[in-house]
Amino acid sequence: MHAPIRCFTCGKALGQYWEEFKKRTDKGEDPEKVLDDLGLDRYCCRRMLLSHEEVIEDIKGYPR
Amino acid sequence: MKVTVVSHSDNKLTLLLEKTKPAVANALRRTFIAEVPVMAVKDVTFYENTSVMPDEYVAHRLAMVPLKTDLKSYKWTEACANGDYSMCSADISIDEAGPKTVYSSDIKTSDPKIKPISGKIPIMKLMPGQRIRLEAKAVLGKGEDHAKWQVGLAGYKYFTTIKADYRKLKDLKAVAASCPVGALKVREGKLELDQVKCTHCNECSHFVNDPNAFKLGFDRTSFVFVAETNGQMTAKEAILQSVKMIEDKIQSMQSQL
């Protein structure tokens, strides 16, 4: 759905990193390097951004 | 107890606690995680929500946004039971219409000191004609009640001790090189260990493979303590607050006995 605001496991706030992560990986940068730059060092936080799929883009136009 | 600061940034603090006990380090850790008060959105009133997501979803996302907390000017909700809530809660409102992405920077607050840690957190995506209009209250809370009130993470590990017989160890450099995190170094014919880097993975003792020559152990009186906050307050403030809360608890016992 929407980008996660916090890590499900440890609770670290990471919503502010999503757009930068998306922009840089779309340009072809290595996700590993981007995550390191953002300072996400635990694997629970890293998977939050790595495995996220912005499904809201597909459904936001349909009525509730 | 001897405390050494290893590294210090706004949101992360690494300390060495020496000559103490696990109970002390654990009390500090538990207080840090569960009891340091921080601000988070609690009650949300929706006036209009024509986005595709239900009210609960928006309210939940809003609550997860960490807010910068000023502990000096706010009190627990119970302190405002007389009806004046200005000391206990900050008012928050959002009024945005699509097409746009509502970010945490669109949150308007009654107190300029209470604001999201970052303006770049996406809260809701709106299409043309969709609108969100809401009011909310941010109050102080404890991490033990809900994760939205958790100031951050804290953890500790024991110091690692090396018991080495240098007459039996031949190639010290090779032993040091066997460490996958680079925590071992050779200095003046002896092995030296970086306590912060060491993860106690035992790779070096597997490499030597002789318990008489090389053995790792725990020093249960010294700890590497790492505290990390989400930005609601600095790590140092949060640690000092936890220390103060432990102190207050013990003092309240003293006065009651």
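About the cut-offs
- Residues numbered from 1 in each chain as written.
- Chains lettered and ligands numbered in written order.
- Predicted model: local features only at pLDDT ≥ 70, side-chain atom pairs only at ≥ 80, totals over all residues.
- Heavy atoms only, no water.
- Helix = DSSP H or I, 4+ residues; strand = E, 2+ residues; numbered from the N terminus.
- Rg over C-alpha atoms; globule rule 2.2 N^0.38 Å.
- Buried < 20%, exposed > 50% of the residue type's maximum accessible area, 1.4 Å probe, protein only.
- Contact = heavy atoms within 4.5 Å.
- Areas by Shrake-Rupley, 256 points an atom, 1.4 Å probe, with all protein chains shown as cover.
- Lys, Arg positive; Asp, Glu negative; His and termini not counted.
- Charge placed at Lys NZ, Arg CZ, Asp CG, Glu CD.
- Buried area = accessible area lost by both parts, 1.4 Å probe.
- Salt bridge = Lys/Arg side-chain N within 4 Å of Asp/Glu carboxyl O.
- Polar contact = N/O pair within 3.5 Å; in protein donor to acceptor, adjacent residues only side chain to side chain.

Asker: What exactly am I supposed to notice about the overall build of chain B here?
Answerer: Check the secondary structure of chain B and you find 5 helices and 12 strands. A compact globule built from 257 residues should have a C-alpha radius of gyration of about 18 Å, whereas chain B, at 25 Å, is more than 25% larger. Structurally, chain B occupies a C-alpha span of about 80 × 55 × 25 Å along its principal axes. Classification of the 257 residues of chain B by burial places 44% in the buried group. Counting only contacts in chain B whose residues sit at least 6 apart along the sequence, the fraction spanning at least 24 positions is 72%. In the form shown here, chain B has an accessible surface area of approximately 13800 Å², with 52% of it arising from carbon and sulfur atoms. Each charge class in chain B was averaged separately, 37 positive and 30 negative side chains, and the resulting centres sit 7 Å apart.

Asker: It is not clear to me how the interface of chain B and chain A should be interpreted in this structure. Could you clarify?
Answerer: A common measure of how large an interface is: the accessible area buried when the components associate. The partner chain A presents 22 residues to the 31 residues of chain B that form the contact. Taking both partners together, chain B and chain A bury about 2200 Å²; carbon and sulfur atoms supply 53% of that area. Between chain B and chain A we count 5 salt bridges in total. The salt bridge involving E57(A) is made with K125(B); its shortest N-O contact spans 2.7 Å. One can count 12 residue pairs in polar contact (both at pLDDT 80 or more) joining chain B with chain A. Sorting the residues of the side of chain B that touches chain A by element identifies α2 (55-64) and β7 (122-126) of chain B as the ones contributing at least two each.

Asker: Is there a simple way to think about the pattern of salt bridges in this case?
Answerer: Opposite charge on two side chains lets them pair, provided their charged atoms get close. Tallied over the full model, the rule gives 27 salt bridges over all chains. The salt bridge involving E29(A) is made with R24(A); its shortest N-O contact spans 2.9 Å. Taking relative accessible area as the criterion, R24(A) reaches 16% and is therefore assigned buried. A salt bridge links E48(B) to R131(B); the nearest nitrogen and oxygen atoms lie 3.3 Å apart. Here the residue E48(B) occupies a position in strand β3 (residues 38-49), and R131(B) occupies one in strand β8 (residues 131-141), the gap between them amounting to 83 residues. The class for E48(B) is partly exposed, based on a relative accessible area of 26%. Relative accessible area serves as the criterion here: at 28%, R131(B) is assigned to the partly exposed category. Connected through shared salt-bridge partners, E20(A), R24(A), E29(A), K33(A) and D37(A) make up one network.

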